[in-house]
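# Architecture and fold: a report
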Amino acid sequence: MPLNINDLDYSLSELNIAIKDHYDWAAKILSLNLLGGEADEEIVHPDSHCHCRFSKWLKLRLEGEALDREMIALIDCQHTEMHDVARELMQSIMSKKVTEELVQHYHSTQQILIESLDRYKEYLFSYRNLHDALTGLPLRHLLYREFPLIRSKYNLSDSRVYVLIMDIDRFKSINDTWGHNAGDDVLRSVALALRAATRDNERIYRFGGEEFITLLIAKNDEDAGFAAERMRKHLESHSIKVAGVEISVTVTGGLTKVRAQDSLHEAIGRADKAMYYGKNTGRNRCIMSTIAEDLITLGE
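Residues numbered from 1 in each chain as written. Predicted model: local features only at pLDDT ≥ 70, side-chain atom pairs only at ≥ 80, totals over all residues. Heavy atoms only, no water.

Within the protein chain, the regular secondary structure consists of 10 helices and eight strands. Taken over C-alpha atoms, the radius of gyration comes to 25 Å for the protein chain, far larger than the 19 Å a tight globule of 300 residues would show. Reported as C-alpha extents along the three principal axes, the dimensions of the protein chain are approximately 85 × 45 × 25 Å. The buried share of the protein chain, taken over its 300 residues, is 49%. (Helix = DSSP H or I, 4+ residues; strand = E, 2+ residues; numbered from the N terminus. Rg over C-alpha atoms; globule rule 2.2 N^0.38 Å. Buried < 20%, exposed > 50% of the residue type's maximum accessible area, 1.4 Å probe, protein only.)

Rendered as structure tokens:
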């Protein structure tokens, strides 16, 4: 699952600590090189790259289906290579057979790793800036960036991508009754509830105002409908506290399958049309726009 804003902050923090630990490790190699002494298992063990804190950070980032997996996999390979060369260098130092070529190879692998880490940190910072400060959700700019990647990934499987747009019901009345600060509290609470109802392969975005878009992955319309209703019902069953008062907040959703020839804009347009049909026929419901563009109320 792609990183959310809290994951990003944690990952950046852990990455900085792991990089510092690796600099300390490199300093130990330099000290042994200049002053002599016995190299410990942290340097000369064949699997030393698996036991440092940086390796643990890499392992966590490689789990799941993160969209930055290829970047992390490359860093993982570079990290392993640097440890292998460092082990070879230390063995040559201890046997007094060190060569300039080997020293340069070690410096080269270390520099390649550092440059990749710098690029990855820049990526994380830019990625974080595409998240909403209020709700912590990714914003529409990231939706448009990630959609082609998610679409191409699932086009190779027996599942398909569906677009679900959800709009908070009667949100204006919440602002009018309790004020905009209360409205912000509701937006945060709704975002948390909807995100809690998503599965690992589902990605929710704040699209704008009180609208949220989720990219659902499903094998057919029925499964996609169940997923949309799961999210709607989860929010409906969790009251939200506003100005000390428990209130029920609901959403109306529009759902559509992304067709082979669709742009994201076209799919959102159909989902939006289905959502407004739901608003006009009672709210707190999800409407599916089929391939034939029929509008079907889910859960009936």
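On we go from here.
Attention now moves to the packing of helix H8 (residues 180–196) against helix H9 (residues 221–236). In contact at an axis separation of 8 Å, H8 and H9 are set at 135° when each is read in the N-to-C sense. In terms of orientation, H8 lies oblique with respect to H9. Viewed along their axes, H8 and H9 form a crossing whose handedness is right-handed. Taken together, the residues of H9 that come into contact with H8 (itself represented by Val190, Ala193, Leu194 and Ala196) are Met231, His234 and Leu235. When the residues that make up the contact of H8 with H9 are grouped by side-chain class, the tally is six nonpolar, one polar and no charged. (Axes fitted to C-alpha atoms, helices over the stretch in contact; angles between N-to-C directions. Parallel < 35°, antiparallel > 145°, perpendicular 65-115°, else oblique. Left-handed = near helix turned anticlockwise from the far one by under 90°. Contact = heavy atoms within 4.5 Å. Nonpolar A, V, L, I, M, F, W, Y, C, P; charged D, E, K, R; others polar.)

If you walk through the whole model with that rule in mind, you get two aromatic pairs. Among the aromatic side chains, those forming a connected cluster through ring pairs are Tyr120, Tyr123 and Tyr127. Against the face of Phe207 rests Arg140, its NZ or CZ located 3.9 Å from the ring centre. (Phe/Tyr/Trp six-rings, centres within 6.5 Å; stacked < 30°, edge-to-face > 60°. Lys NZ or Arg CZ within 6 Å of the ring centre and 35° of its normal.)

It is worth spelling out the nonpolar core at this point. Grouped together as the largest cluster of nonpolar side chains are 48 residues, with contacts concentrated most on Phe54 and Val163. In this structure, Val163 is in contact with Ile213, Thr214, Leu215, Gly254, Leu255, Thr256, Val258, Leu264, Ala267, Ile268 and Ala271, ignoring residues within four places of it in sequence. Formed by 33 residues, the second largest nonpolar core is a distinct cluster that contains Leu187, Ile204, Ala228 and Ile240. (Core = buried A, V, L, I, M, F, W, Y, C linked by side-chain atoms within 4.5 Å.)

Moving on, we get to the side chain of Glu211. Take Glu211: it is sitting in strand E3 (residues 211–218). Summary of buried charges: Glu211 has no salt-bridge partner, and the nearest side chain of opposite charge, Arg140, is 6.4 Å away. In this structure, Glu211 is in contact with Ile165, Met166, Asp167, Tyr205, Arg206, Asp272, Met275 and Tyr276, ignoring residues within four places of it in sequence. (Lys, Arg positive; Asp, Glu negative; His and termini not counted. Salt bridge = Lys/Arg side-chain N within 4 Å of Asp/Glu carboxyl O.)

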